[in-house]
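Residue-level listing of the chains:
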Amino acid sequence: MRQYIKQNFNNEISEREIAHKEIAYKLACEGIVLLENNDALPVEVGPIALFGAGARHTIKGGTGSGDVNERHSVSIYEGLVDAGFEITSNDWLDKYDALRAEVIKNQSSNLMNAVKRANFADIMALFMGSASYPALKVIKADTNKAKAKTAIYVVSRQAGEGADRHIENGDNDLSDIEIESLQRLVEAYEKVILVINIGCSLNMDFLSKVPGLGAVIYMCQQGTEGGHAFADIISGKVNPSGKLTDTWAKKYEDIPFANEYSYLNGNLKEEYYKEGILVGYRYFDTYGVEPMYPFGYGLSYTDFEIKTSGANINKTTVTLFVDIKNKGKVPGKEVIQVYLSAPSGRLKKEAKSLVAFKKTGVIAPGEVEHFDILFDLRDCASYEELGARFILDKGDYIVKVGNSSRNTKNVAVLNLNKLVVVEQVRNICPTINEFEELDILDRPEEEISSLPQIPINADDFKTIYHDYSAPKPYHSAQVDAIVGEMSLLEKATVCVGAGMLNGGRTIKIEGAVGHSTSRFMRKFGLPNVEFADGPAGIRLTRYTGVYKNGKTKMIDSPLAGLELLPPSLKQFVFADPKSCETAVQYTTAFPVEVALAQTWNMELLYEMGTAVAREMQEFGITYWLAPALNIHRNPLCGRNFEYYSEDPLLTGKCAAAVISGVQSVPGLYVAAKHFCCNNQEDNRMAVSSNVSERALREIYLKGFGLAVKIGKATGIMTSYNKVNGVNPPNSYDLCTTVLRNEWGFDGIVMSDWFGSTFSGSPILAMKAGNDLSMPGLPTQNLQIVLGTLLSFVHETDVDRCCRNIVRQVIESDAYKQLKSGDFAIK
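These figures come from a predicted structure and were not determined experimentally.

J.: Just checking my understanding: could you explain the nonpolar core for this structure?
T.: Across soluble globular proteins, you tend to see nonpolar side chains buried next to one another. Ranked by size, the top nonpolar core spans 127 residues in total, and within it F531, W624, L696, Y700, M750 and V806 carry the most contacts. Broken down by element, this core gets its largest block of residues, 9 residues, from helix α12 (residues 602-619). Beyond its immediate sequence surroundings of up to four residues, V806 is in contact with V479, I482, V483, M486, V494 and L526. Counting 70 residues, the second largest nonpolar core, distinct from the first, contains L34, A148, A188 and L213.

Listed below in structure tokens is the structure:
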């Protein structure tokens, strides 16, 4: 069989790499959040002391499928040196390097011991590379105040797929060693800057034990150019403009039902979403709990004044006229945030919810810029389970404008004189285990009589209704001709991936996590297409061995954990570069999703999406398994770095921007994931996320809806976890009722890897509307055939799913490249 591959044997840095590093740098500069600044920043370039686990080993992103294998990522140390700083603490940093090297050496033997014990949790933790950042105490001998007046201490935590973070052992808290080290530095230096190099929030109650910190920076995990961006932020070359996308609690216990999350209550089979819609700031603001840092918060080196000069409504669209002035001495950017406080009526409401936002451009000192900010009231409707409908209650809707959820001004009141039904839907995903949700407190009365009063005409709202009949199969002349000639077995085979390691495929990209089948497709002139992980970039192997006979094999691993294998096993997994040519596949490690969202810059996220598209074309990838849209329900979720926010609007807008960028190239597809309620990693393949329908629709599905309706997502990946006892691949409510009937989705739905296996069978998944079972097992096509013959699934379901897949293969960029000869033939 002829095999087509992409190959590049030139190891020189390419123009594309340089251009995409610049995009990564811009994202990192706008995604870093300044939390505290007691006149410690910016600092002059010169001598500086640097300590902490992430100083030379800055964590660029999380582990597992969300990792990226770039050429190089710039550490904080490298960034500071490149910016002209003189590091005065190299002796301590050298000691730390030696300690970390010893820890990594021990991990290999620990991995083999875990394999022998068949301890899956330990295997996953080691395999995903999450335990290689030990703490080393800073002692008096390590400090040198005479040479440097400022010290930086970098706290780093690694997290990733397969395990949640822990509240003990210095994971969600600072360890005793880190606290003692900070105390020592505060004694020794005039200014101390704490840097948090973690993919989600950190328990900040340690600050009371370390008085005197000069500044706190939430660096997050900023990808390949993070070190350069950090250096330019602290030197003042770049003014920080990042804003938090989560509420940071003063202590972990301030989060509702904090000690019932995931493993903490000993029940990993049932997770009860008792907080309902009160997630993040919706809880803190409704219950009046003071956070450490509120949602949307972030400092700048300048000050802004935000004034709303007026507001109007056209039909259902509200327009705010906002002026923003830079009152400081340096140029900077700000984020204008609009919140709405809705009246309680048939439904109780949270204190406020984000309805619109805008990131400004650079505003010079003294300058004023004007913005028209729009939002549609239909998007602000609440869900009433009893009537299966989205409604706007009668009453006063207070519009608030500011720069965080806790720093807003009331600017207008929208008066609705009767209840409006915005959308009539169907009830979905019924709960099987009843539980009591947290009560939504009444909002305190506010003085609004002096505000502009804007009447809303209820007749301008036309209720949306949906057709809930079975989706019609896709038809075109080419698809009809191909599928019309297929047998039931052939159609079933198309609906099953061809495995992760299967070599019998037309297009082969090393490091791709899976591919569609080539069987039966070749006789129709169609190739398989390749799938690659995201969402911080494209995860492939850096190096591919190309043998004289045309066969390929990875030289390095797409997953960090495989590097821990002993040499006796590595020889079977990896190619020997001495016996083959080496092709390179350097992709760009962009900031993780929470860092992307902290830019609040949708234009920049679109640009990132176009960069991903360029790399997909370069390497022959058709499906990018991204973006990830799960909500930050709790800071301990192991994959929070891989998700945008606690807020569904911000989540959906970010995803839509990235998707639009990727899909600006016809024939490139996304798989927005993990649909839905994948909010913990411990026992993720079996836990049931038990959630009310209102919370499901208002919080956990809303972002996906925006990704589909605004971003026009071409693919959706279902999640491992159950939703109210039903696996999402098997859920007709999710895969068809919501996705296709209500949102108008017309792409393909795929399972997460082995997701339809864990749910029992691809038969139920196909019946529900999950088109493609990934990565595919050899017998799954036979299961589908047998299920059809036994009437567990109808052949029309198989035909419909097959048509959806064949359509996207025909329309894929890879197919166009194959026909034009852009792939090498082996």
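J.: Explain the pairing of strand β10 (residues 317-326) here, please?
T.: Each regular strand displays side chains that alternate between the two surfaces of the sheet. Pairing geometry for strand β9 (residues 304-314) and β10, over 10 bridges, is antiparallel. Bridge pairing in β10 places N314 opposite T317. Hairpin connection between β9 and β10: a loop of 2 residues separates the two successive antiparallel strands, and K315 in this loop has a positive phi of roughly 60°. Where β10 meets strand β13 (residues 368-376), 9 bridges bridge the pair, whose relative direction is antiparallel. Considered in β13, the bridge of L320 is made with I373.

J.: Explain helix α15 (residues 702-709) here, please?
T.: Most of α15 sits inside the fold, with 6 of its 8 residues counted as buried. Of the positions making up α15, those classed as buried are G703, F704, G705, L706, A707 and V708. Structurally, α15 contributes buried residues whose contacts are with α13 (648-662), β27 (672-675), α14 (693-700), β29 (715-718) and α16 (732-742).

J.: Looking at this structure, I do not really get the pattern of salt bridges. What am I missing?
T.: Should the charged atoms of two oppositely charged side chains come close, the side chains can pair. Under the defined criterion, the tally for this structure stands at 56 salt bridges. Of the charged contacts in the structure, one is a salt bridge between R56 and D94, with a shortest N-O distance of 2.8 Å. Of this pair, R56 sits in the loop between β3 (47-52) and α2 (76-82) while D94 sits in helix α3 (residues 90-117), placing them 38 residues apart in sequence. Look at the salt bridges and you will find they share partners, linking E161, R639, E642, K673, E681 and R684 into a network.

J.: Help me understand the packing of α12 against α13, please; the structure alone is not making it clear to me.
T.: Packed helix pairs are characterised by how far apart their axes lie and by the angle those axes make with each other. α13 packs onto α12 with a crossing angle of 40° between their chain directions and a minimal axis gap of 6 Å. Judged by the angle between their axes, α12 and α13 are oblique. As α12 runs across α13, the sense of the crossing is right-handed. Contacts between α12 and α13 pair M602, L605, Y606, M608, G609, T610, V612, A613 and M616 from the former with K653, C654, A657, V658, S660, G661 and V662 from the latter. Class assignment for the residues of the contact of α12 with α13 results in 11 nonpolar, 4 polar and 1 charged.

Scoring rules and cut-offs
Residues numbered from 1 in each chain as written. Predicted model: local features only at pLDDT ≥ 70, side-chain atom pairs only at ≥ 80, totals over all residues. Heavy atoms only, no water. Core = buried A, V, L, I, M, F, W, Y, C linked by side-chain atoms within 4.5 Å. Buried < 20%, exposed > 50% of the residue type's maximum accessible area, 1.4 Å probe, protein only. Helix = DSSP H or I, 4+ residues; strand = E, 2+ residues; numbered from the N terminus. Contact = heavy atoms within 4.5 Å. Pairing = 2+ DSSP bridges. Salt bridge = Lys/Arg side-chain N within 4 Å of Asp/Glu carboxyl O. Axes fitted to C-alpha atoms, helices over the stretch in contact; angles between N-to-C directions. Parallel < 35°, antiparallel > 145°, perpendicular 65-115°, else oblique. Left-handed = near helix turned anticlockwise from the far one by under 90°. Nonpolar A, V, L, I, M, F, W, Y, C, P; charged D, E, K, R; others polar.

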